[in-house]
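In case you want the letters, here they are:
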Amino acid sequence: MATEKFETIETSAIPLPIENVDTDQIIPARFLKATTRDGFGENLFRDWRYDKNNQKNSDFVLNNSTYTGKILVGGKNFGSGSSREHAAWAIADFGIKVVVSSFFADIFKNNALNNGILPVQVSEGFLVKLFEAIGKNPRTIIKVDLVNQLISIPSTGDSESFEINSYKKTCLINGYDDIDYLLNIKDKIETFEKVRQQ
């Protein structure tokens, strides 16, 4: 599934300063029945967003109109637990393009990248700066520059580089999924095959 091209994003952010957020909290197991990726955003963090009477929990950040944006800033160890790809589907369907944390579970990180979401792993110190900036001004703009692998807070001048697999970086910048990538290098593959057969 091809995704939207990603180069630079500048947006306000949604703070979720909770550690060890697992995939069952991101998308509870009872909502995994659908066979398409559409509609999962409605149930993102369902048990935190709604009470037992299916009423919105006004204290939860995703229900607070003060915080908006396409970046979710989470606590340490985001995406632990099961390997369900539906967690990435729910985040993407909700409209989030970047998740920031000081540590990601490996499977979640790969699922995110495969679904057009950029997981940005930062130092614990920089994560604190992000939460502080958002806490002082919920409209604080966070800039994520994928090409130069840099996340910054323009209003404070703070910035930090981040790592990403070069192949996944290429896919995100071009909006490729794995099949799109192979089709893009079809000529190179065919040339290689001809040379190999000689």
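A brief look at the structure comes next. Note that this is a predicted model, so its numbers are computed, not measured. (Residues numbered from 1 in each chain as written. Predicted model: local features only at pLDDT ≥ 70, side-chain atom pairs only at ≥ 80, totals over all residues. Heavy atoms only, no water.)

1. Considering the sheet that holds strand E4 (residues 98-101)
Heads up, the rule is: Note on pairing: DSSP must find at least two bridges between two strands before they are called paired. Here a helix means four or more residues in a row that DSSP labels H or I, a strand means two or more in a row labelled E, and each is numbered from the N terminus. In this analysis an axis means a line fitted to C-alpha atoms, helices contributing only their contacting stretch, and an angle means the value between N-to-C directions, from 0 to 180 degrees. We call two residues contacting when some pair of their heavy atoms lies within 4.5 Å.
Ordered by their spatial adjacency, four strands build an open sheet running E2-E3-E4-E5, and the pairing between neighbours is parallel. For this open sheet the edge positions go to strand E2 (13-16) and strand E5 (118-121), each flanked by a neighbour on one side alone. Each neighbouring strand pair of the sheet contributes to a mean axis angle of 20°, computed without reference to strand direction. Contacting E2, strand E3 (71-74) and E4, helix H5 (residues 124-136) runs over the sheet at an angle of about 120° to E3.

2. A short note on the pairing of E3
As a reminder, the rule being used: Partly exposed describes any residue whose relative accessible area lies between the buried limit of under 20% and the exposed limit of over 50%, with all areas from a 1.4 Å probe on protein chains only and scaled to the type maximum. Clockwise travel from the first strand over the helix to the second, with the strands pointing away from the viewer, marks a crossover as right-handed.
The side-chain alternation of E3 yields two buried faces, one formed by Ile 71 and Val 73 and the other by Leu 72 and Gly 74. Relative to E3, E2 runs parallel, the two sharing four bridges. Its bridge partner lying in E3, Ala 13 is registered against Ile 71. Bridging between E3 and E4 involves three bridges; their strand directions are parallel. What sits directly across from Val 73, in E4, is Val 100. The handedness of the E3 to E4 crossover, carried by helix H3 (residues 86-94), is right-handed.

3. Section: H3
Taken together, the buried positions of H3 are occupied by His 86, Ala 87, Ala 88, Trp 89, Ala 90 and Ile 91. Check the buried side of H3 and you find it contacts helix H1 (23-26), E4 and helix H4 (106-114). At the C-terminal side of H3, Gly 95 shows a positive phi close to 105°.

4. Points about the sheet that holds strand E7 (residues 150-153)
Strands sit in the order E1-E6-E7-E8 across an open sheet of four strands; the sheet is antiparallel. Each edge of the open sheet carries a strand with a single partner, namely strand E1 (8-11) and strand E8 (158-161). Taken over all neighbouring pairs, the strand axes of this sheet differ in orientation by 10° on average, direction set aside. Bridge count for E1 against strand E6 (residues 142-145) is four bridges, and the pairing is antiparallel. Bridging from a neighbouring strand, Ile 9 pairs with Val 144 of E6.

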